[in-house]
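# Coordinate inspection notes
Listed here are the chains, written in short residue letters.
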Amino acid sequence: MTTLEERPKLIVGVDFGTTFSGVAWGLEDCPDDIELIQTWPGGGNTTSQKVPTICSYDNERMKWGYQTDQSIHPGKHQRLIQGVKLLLDESQKFRYLPASDSQEIIKDLNKTPVEVAGDYLGKVVAHAKDVLTRRFGTALQTMDLEYILTVPAVWSDKAKDYTRQAAQRAGVPLASLRLLSEPEAAAVCAIRTIQPNTISEGDCLIVCDAGGGTVDIITYRVKQTNPLRFEEATKGIGAVCGSVMLDERFDEVIKRIIEKESNEPLPQSTARAARKYWQDYIKPGYTGPLDDGEMCELGYWIPVPGVSGIPNLELSEGYLYLDRDQVKEIFDPIIRQIEKLVAKQRESVKEAGFSTKAIILVGGLGASGYLYKRLQAASDGIQILQPPNAWSAVVRGTVIRGQEGNQVESRVARCNYGVQMRVTFDPKKDRADEHLVWCPYEEEWKLERRVTAYLRDLKGKSVAESEPIRMNFYRVVGVGQSLVFHDNLAFSHANTAPKVTDSSVTKLCELEANLSRIPKELFTKKTNSRGKQFYHVSYDLVLTPTSASLLFDLQFNGVSYGSVRSRY
């Protein structure tokens, strides 16, 4: 009989993307054997490393991925939900029209983005389990499944928690789930791919993860090569300027050209056919203006079914002609945004006292030949690298992370975190009109709205997953009263962490610490001058900053009493 200790672990990586999502898997003890799921419901005989992040509802039944292509009626307006991932981060400003339209569709369905994302991920997870069952048969029941789900590095902690909720709705047990930042997953895969010939200790590598919705840029400094270990060299940056913005600009160009001459709205079926050709052929193959002597198409014939007989348009048998200059105008504003992000990151690396050795491009847009050329032209001799399988680097990296453990020894804190608390009033240095409250147990005045920082003044500085941050608190609670405590975790983007709750401090979530499992005889029992008995309970909240989440542990007298619940 297989014991719990002997059960093999299967790592399942899920790259939940804005436009496409992917799944990879591998056994924990087989680090060189990673497989991608490449067949999807509704895809027929076509194989693809990813499936479209698109879905629709027929009453409560969801169609997802390639199934939505089969259900589209050419003459009807389709209520497809696209870009739902972007809707999970309320703090991000995005201009992607399909996501905005999807927000209205989701509202009409009386659902939330978390529910829709959870339903979509549920389909992805169920399909992954079906594939694994056909691969391993009944042996799958003897394995422990660990899921690693990626999130953009630029996302807020609240958005990451929404992602966790969506995964739970999808049927993934929270105890079996980990979040990993997308650029870190991509870096693990890409650096491992190029390592044998180009990587040395001390090298700084900028990883540009240009995906469907977001572009994340983080710089890693190699600390050792065998085994591979690295650290964040400076604070990463990012923005919502992925390839979906190119799709939207293409849609606008086709719509403007045809509607200007026809004076009629562009049929949705025509727009879909044109966009599919753009996504399948033009966008991935465009390399920019032609060099002298280069043999290539001078332009593109784009299918526009249903459009004909319009004067002043270059139409031929249902195809519209776009020249390379028009395509360049679609690309250039988005490419310039990415160039600015890369330049800003290079400057940050320089300010940190390091020099950049290479820029590694990953993600769907990261595989663009035009982006490569543009960054190469401004590289000043820095290598621009496009490793193979750039589109699947993120999902491959999740499995590598699960198999080989944490390879990033330290990360740079994005902001300061602190717990709002009360402190004893000191008449020598505190003002008497500052949020005073009376403590009936300790019989003294307390100051409210004070912040004890976990990461005080560490914004932009290194924190290590292997070195949890400990903060001691104490509570006074009457005998017989509840031992479940609630604290507000706040954050501030100010360079210097404030000591009081000012305009720069924002509540992130509520932490629930349950001390009822601790034997009461271990608490210090006191009696005040009025005969009131109370417990003086001293405990530690221990924060571990991981790749894409904050973990909290409750400790009393050095003993862990379980994780602390957080409510956003």
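Anything mentioned here points back to the structure above.
So, a few notes on the structure that sits alongside this text. Just so we're clear, the structure is a prediction, and the values are computed from it rather than from any experiment.

## Comments concerning the sheet that holds strand β7 (residues 81–82)
Spatially, three strands are ordered β6-β5-β7 in an open sheet, and the strand pairing comes out antiparallel. Each end of this open sheet is capped by a strand with a single partner; those strands are β6 (61–64) and β7. The pairing of strand β5 (residues 54–58) with β7 spans two bridges and is antiparallel. Counterpart to Cys55 in the pairing with β7 is Ile81. Across the sheet, helix α3 (residues 113–136) is in contact with β5, β6 and β7; its angle to β6 comes to roughly 70 degrees.

## Brief notes about the sheet that holds strand β15 (residues 315–316)
The antiparallel open sheet is built from three strands, whose spatial order is β14-β16-β15. Strands at the two margins of the open sheet, each flanked by one partner only, are β14 (299–303) and β15. As paired elements, β14 and strand β16 (residues 319–323) share five bridges and run antiparallel to each other. Bridging across to β16, Ile302 finds its partner in Leu320. Sheet strands touched by helix α8 (residues 324–351): β14 and β16. Its angle to β16, the strand with the most contacts, is close to 75 degrees.

## Here we look at the packing of aromatic side chains
Applying the stated criterion across every chain yields a total of 19 aromatic pairs. Measuring from centroid to centroid gives 5.9 Å for Trp64 and Tyr120, while their planes differ by 85 degrees, and the two rings are edge-to-face. Pair noted here: Trp64 is in strand β6 and Tyr120 is in helix α3, with a separation of 56 residues, a long-range link. Assigned by exposure class, Trp64 and Tyr120 land together as buried. Ring geometry for Trp301 and Tyr321: centres 5.0 Å apart, planes at 55 degrees, overall tilted. Of this pair, Trp301 sits in strand β14 while Tyr321 sits in strand β16; the two residues are 20 residues apart in sequence, bridging distant segments of the chain. Assessed through its relative accessible area of 22%, Tyr321 is described here as partly exposed.

## Observations regarding the side chain of Asp487
The residue Asp487 is located in strand β25 (residues 484–492) in this model. At 2.5 Å, the side chain of Asp487 and the side chain of Arg475 are in polar contact. If we ignore the near neighbours within four places in the chain, the residues touching Asp487 are Val419, Arg475, Cys509, Glu510, Leu511, Tyr539 and Leu541.

What counts and what doesn't
Residues numbered from 1 in each chain as written. Predicted model: local features only at pLDDT ≥ 70, side-chain atom pairs only at ≥ 80, totals over all residues. Heavy atoms only, no water. Pairing = 2+ DSSP bridges. Helix = DSSP H or I, 4+ residues; strand = E, 2+ residues; numbered from the N terminus. Contact = heavy atoms within 4.5 Å. Axes fitted to C-alpha atoms, helices over the stretch in contact; angles between N-to-C directions. Phe/Tyr/Trp six-rings, centres within 6.5 Å; stacked < 30°, edge-to-face > 60°. Buried < 20%, exposed > 50% of the residue type's maximum accessible area, 1.4 Å probe, protein only. Polar contact = N/O pair within 3.5 Å; in protein donor to acceptor, adjacent residues only side chain to side chain.

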